[in-house]
Amino acid sequence: QVQLVESGGGLVQAGASLRLACTASGRTFYASSMGWFRQAPGKDREFVAAISWKSNTDYADSVKGRFTISRDNAKSTVYLQMNSLKPEDTAVYYCAADSSAFKSPGRVRNEYDSWGQGTQVTVSS
């Protein structure tokens, strides 16, 4: 399994921006699809964005146009740039890795076999 460490969460006002980062251990990052999910209190963990090994991307409708996922294979890091944040974006954000090589980006939780510890994002109104 891959070890994932997230960073970049925090408390911001509505309309602000944040950038989350997730750094992976291991030598197969370049071949892995990576995803971001989030979980708000009392709700299920939901898909936010994903990026394939060749940087094809997919987004949840709720964040499309506001969030951007990207990757830097040289740093084994995936990013989530979040702009125009809304109070409903408040959640714990989790990074996930799919160790199966050379796949399309996935939206389903059980496609991912490694998860980070999560980072809190709080957006005040």
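Remember, predicted model here, so these are calculated numbers, not experimental data.

A. Looking closely at the overall build of the chain. Looking only at helices and strands, the chain has zero helices and 11 strands in total. Reading the secondary structure of the chain in the N-to-C direction produces β-β-β-β-β-β-β-β-β-β-β. Computed over C-alpha atoms, the radius of gyration of the chain comes to 13 Å, within 12% of the 14 Å expected from 2.2 N^0.38 for 125 residues, which places it in the range of a compact globule. Counting only C-alpha atoms, the chain reaches 40 × 25 × 25 Å along its principal axes. Within the span of the chain, comprising 125 residues, buried residues form 46% of the whole. Summarising the internal contacts of the chain: among those between residues at least 6 apart in sequence, 60% fall at separations of at least 24. Each charge class in the chain was averaged separately, 14 positive and 11 negative side chains, and the resulting centres sit 4 Å apart.

B. Structural detail: the sheet that holds strand 1 (residues 4-7). The sheet built from four strands is open, its strands ordered 1-3-8-7 with antiparallel pairing. The outermost strands of the open sheet, each flanked by one partner alone, are strand 1 and strand 7 (67-72). Between one strand axis and the next, the sheet turns through 15 degrees on average, direction left out of account. Bridge analysis of strand 1 against strand 3 (residues 18-24) gives four bridges, and the strand direction is antiparallel. Within strand 3, the residue paired with Glu6 across the bridge is Cys22.

C. Quick look at the state of the cysteines. Here the structure, examined in full by the defined rule, presents one disulfide. Covalently, Cys22 is tied to Cys95 through a disulfide, its sulfur atoms 2.1 Å apart. Between Cys22 and Cys95 the sulfur-sulfur dihedral comes to about -75 degrees; the bridge is accordingly left-handed. With Cys22 in strand 3 and Cys95 in strand 9 (residues 91-101), this residue pair connects regions lying 73 residues apart in the sequence. The exposure classification of Cys22 matches that of Cys95, with both residues buried.

D. Quick look at the packing of aromatic side chains. Taken as a whole, this structure holds six aromatic pairs when the rule is applied. For the pair Phe37 and Tyr112, a centre-to-centre distance of 5.4 Å together with 75 degrees between the ring planes defines the contact as edge-to-face. Placement of the pair is Phe37 in strand 4 (residues 32-39) and Tyr112 in the loop between strand 9 and strand 10 (114-115), with a sequence separation of 75 residues. This pair shows no difference in class: Phe37 is buried, exactly as Tyr112 is.

E. Seen up close, the pairing of strand 7. Burial along strand 7 is one-sided: the face carrying Phe67, Ile69 and Arg71 is buried and the face carrying Thr68, Ser70 and Asp72 is not. By the bridge criterion, six bridges tie strand 7 to strand 8 (residues 77-82) in an arrangement that is antiparallel. Paired with Arg71 across the strands is Val78, a residue of strand 8. Linking strand 7 back to strand 8 in an antiparallel pair, the connection comprises four residues, with Ser76 at a positive phi of about 50 degrees.

The rules behind each value
- Residues numbered from 1 in each chain as written.
- Predicted model: local features only at pLDDT ≥ 70, side-chain atom pairs only at ≥ 80, totals over all residues.
- Heavy atoms only, no water.
- Helix = DSSP H or I, 4+ residues; strand = E, 2+ residues; numbered from the N terminus.
- Rg over C-alpha atoms; globule rule 2.2 N^0.38 Å.
- Buried < 20%, exposed > 50% of the residue type's maximum accessible area, 1.4 Å probe, protein only.
- Contact = heavy atoms within 4.5 Å.
- Lys, Arg positive; Asp, Glu negative; His and termini not counted.
- Charge placed at Lys NZ, Arg CZ, Asp CG, Glu CD.
- Pairing = 2+ DSSP bridges.
- Axes fitted to C-alpha atoms, helices over the stretch in contact; angles between N-to-C directions.
- Disulfide = S-S within 2.5 Å.
- Phe/Tyr/Trp six-rings, centres within 6.5 Å; stacked < 30°, edge-to-face > 60°.

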